[in-house]
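Geometric and topological summary
What follows is each chain in one-letter form.
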Amino acid sequence: MTADNRFQSLAQELGHDFSGEIKIGGNYTPVMRDGHQLYVSGQIPRVGDEVLFVGPVGDVGDGFDVAQGQQAAAVCAMRALAFLQRAAGSLDAISSIPRITVYVRSAPTFIQQSEVADGASDVLCRVLGPRGVHTRTSVGVLQLPKGAAVELDLLAITVAAPA
Amino acid sequence: MTADNRFQSLAQELGHDFSGEIKIGGNYTPVMRDGHQLYVSGQIPRVGDEVLFVGPVGDVGDGFDVAQGQQAAAVCAMRALAFLQRAAGSLDAISSIPRITVYVRSAPTFIQQSEVADGASDVLCRVLGPRGVHTRTSVGVLQLPKGAAVELDLLAITVAAPA
Amino acid sequence: MTADNRFQSLAQELGHDFSGEIKIGGNYTPVMRDGHQLYVSGQIPRVGDEVLFVGPVGDVGDGFDVAQGQQAAAVCAMRALAFLQRAAGSLDAISSIPRITVYVRSAPTFIQQSEVADGASDVLCRVLGPRGVHTRTSVGVLQLPKGAAVELDLLAITVAAPA
């Protein structure tokens, strides 16, 4: 089973379609290549026009719970993979993910940002297998664009730079 | 018209002089090269001794408005360009900007961090043209050094590493 | 005196042992190599099972003071060095540190994030000497994993990629 197949299966399981046009805000680009490195812009849990998780993640009834935060992080990771798939032609052309950074919009006392980020890490490893292993930084921020619960960016490596 | 000329024109338009000595805080370095990659330290909207925008960006009369936040982001981007110009010899030696990260000191309900970051993206594209296109991550943070409204860092690529 | 010796001396001076197994949270990896680049995951000031500095850094009796924040940042930097040492075989194999990012959990009015980050920069330069010079981004965030006072990630360069 290819990584592209696993991506499609996971998209169906999550109930979202990442194959259509993904809207991005602002005047930047979703992916940029430098040699064999692919940089992906910060992704919020948006599908089409809708941001699926708007609000902080909290631990005392204030905002989303950890499981919901993980779902938000998973959608961010799927968006990042969708962009990598287009930029590299196939997710099987991704050889590693050196770095992801996960920003969790947090209630003031919420300290489980790493657990929320696990939602993204799980997606990367389910789709890319051992090639999805990564270093990670998780932080708790006051706000995010559109009021999103999570934002994620990453750096991926392709097996070979295009000629 | 060269990118260096465009930089100078934009500096005059903004009314600031980025050609003098730029003070930086702390015991780090503003730019570091690894091969053809140039890493630039986080820049706040400081010109000389003065931080031009101190305070949060907000949407309900609390702090700077979006337009002011964009001006702050523009100054951060100009500072980053000033450092790239010195490190690379000329801004025409910059071939791409794979990544910028824009931290916006935000009022609790402010969610237009992407719009603020457009102020930096516009500067990069005005000065560098198509070579200024970049991936971007915008987040809303509680505080920034010196109480600055915006902080920006970036990674640039030079056409060739020096011998 | 080698960088490894200086690391060991500083660990003793700080009163912590970084030679044992370092626990990390989550399902990611502490270090990843891409060619000659080594990416290190976000480090909090944890030694063994204990996070040494839990709480915000503040300036009005609210949380840790700047000196304590610097100590927290120093422990984060030592952890990062411990991982680099294992990944590269020796800290003398580290040729430069292009980038560090320091997230300071901040009280609302605290604006000395750069001064806190100096605690990490000092460690890098004391252990690595001129090869420890780096670019730096310091931001003030609402929360961090485990409620830690500081989190730090970095990118290091090794003298040569392994065969």
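Everything discussed here concerns the structure shown above.
Now for a description of the structure that goes with this document. (Residues numbered from 1 in each chain as written. Chains lettered and ligands numbered in written order. Predicted model: local features only at pLDDT ≥ 70, side-chain atom pairs only at ≥ 80, totals over all residues.)

**A look at the relation of the copies chain B and chain C**
Screw-axis analysis of chain B against chain C gives a translation of 0.0 Å along the axis, an RMSD of 0.0 Å, and a rotation angle of 120°. The operation mapping one copy onto its partner corresponds to a three-fold rotation axis. (Least-squares fit on C-alpha atoms with pLDDT ≥ 70 in both.)

**Examining the environment of C:Ser90**
The topology assignment puts C:Ser90 in the loop between helix H2 (66-88) and strand S5 (94-105). Sequence separation of C:Ser90 and C:Ala3 is 87 residues, and the distance between their C-alpha atoms is 8.0 Å. (Helix = DSSP H or I, 4+ residues; strand = E, 2+ residues; numbered from the N terminus.)

**Comments concerning the relation of the copies chain A and chain B**
When chain A is brought onto chain B, the operation consists of a screw motion whose angular component is 120° and whose axial shift is 0.0 Å, with 0.0 Å RMSD remaining. A different interface surface on each copy is seen, since only 9% of the contact residues of chain A are contact residues in chain B too. (Contact = placed C-beta atoms within 7 Å.)

**Considering the interface of chain A and chain B**
Counting residues at the interface gives 23 residues for chain A, matched by 23 residues for chain B. Elements with a minimum of two residues in the side of chain A that touches chain B: strand S1 (31-34), strand S2 (37-43) and strand S7 (150-158) of chain A. It is S2(A) that contributes the most residues to the side of chain A that touches chain B, four residues altogether. Taken together, the residues that form the side of chain A that touches chain B break down as 11 nonpolar, eight polar and four charged. (Nonpolar A, V, L, I, M, F, W, Y, C, P; charged D, E, K, R; others polar.)

**Some points on the pairing of strand S5 (residues 94-105) of chain B**
Residues and elements named next belong to chain B. Along S5, 11 of the 12 residues are buried, which leaves the element largely enclosed by surrounding structure. Across seven bridges, S5 lies against strand S6 (residues 135-141) in parallel orientation. Paired with Thr101 across the strands is Thr137, a residue of S6. Handedness of the crossover is the feature at issue here: the chain leaves S5, passes through helix H3 (residues 113-128), returns alongside S6, and the resulting connection is right-handed. (Buried ≥ 20, exposed ≤ 12 C-beta atoms within 10 Å, placed from the backbone. Pairing = 2+ DSSP bridges. Right-handed = clockwise from strand over helix to strand, strands pointing away.)

**Details of helix H2 (residues 66-88) of chain B**
Residues and elements named next belong to chain B. The first and last C-alpha atoms of H2 sit 32 Å apart over 23 residues, in line with the 33 Å expected at 1.5 Å per residue. H2 sits mainly inside the fold: 19 of its 23 residues count as buried. Just downstream of H2, Gly89 is the residue with a positive phi angle, here 90°. (Expected span 1.5 Å × (residues − 1).)

**Some words on the sheet that holds strand S7 (residues 150-158) of chain B**
All names here are of chain B. In space, the five strands of this open sheet follow the order S1-S2-S7-S5-S6, with mixed pairing throughout. Two strands close off the open sheet at either side, each with one partner strand: strand S1 (31-34) and S6. Sheet twist, expressed as the average angle between the axes of neighbouring strands with direction ignored, equals 15°. Examined bridge by bridge, S1 and strand S2 (residues 37-43) share four bridges and lie antiparallel to one another. Across the sheet, residue Met32 finds its bridge partner in S2, namely Tyr39. (Axes fitted to C-alpha atoms, helices over the stretch in contact; angles between N-to-C directions.)

**Here we look at the environment of C:Val159**
Residue and element names in this part refer to chain C. Counting through the fold element by element, Val159 comes out in the segment after strand S7 (150-158). Residue Val159 is classed as partly exposed on the basis of its 13 C-beta neighbours within 10 Å. For the pair formed by Val159 and Val57, sequence separation is 102 residues and the distance between their alpha carbons is 36 Å. Not counting residues within four places of it along the chain, the set of residues in contact with Val159 comprises Ala93 and Ser95.

**Side note on the interface of chain B and chain C**
Taken together, the contact between chain B and chain C spans 23 residues of the former and 23 residues of the latter. Contributing elements (two or more residues each) for the side of chain B that touches chain C: S1, S2 and S7 of chain B. With four residues, S2(B) is the single largest residue contributor to the side of chain B that touches chain C. Across the side of chain B that touches chain C, the residue classes tally to 11 nonpolar, eight polar and four charged.

**Quick look at the pairing of strand S6 (residues 135-141) of chain C**
For S6(C), the tally of buried residues reaches seven of seven residues, placing the bulk of the element in the interior. Where burial is concerned, the two faces of S6(C) agree: the one with C:Thr135, C:Thr137, C:Val139 and C:Val141 and the one with C:Arg136, C:Ser138 and C:Gly140 are both buried.

**Here's the deal with the sheet that holds strand S1 (residues 31-34) of chain C**
Residue and element names in this part refer to chain C. Ordered in space as S1-S2-S7-S5-S6, the five strands form an open sheet in which the pairing is mixed. Among the strands making up the open sheet, the edge pair consists of S1 and S6. Pairwise comparison of adjacent strand axes, ignoring direction, gives a mean angle of 15° for this sheet. For strand S2 (residues 37-43) and S7, the ladder comprises five bridges, and the chain directions are antiparallel. Following the sheet pairing, Gln43 is matched in S7 by Leu152. On the sheet, H2 packs against S1, S2, S5 and S7 and is oriented at approximately 35° with respect to S7. Each of S5, S6 and S7 is contacted by helix H3 (residues 113-128), which is oriented at about 155° to S5, the strand it contacts most.

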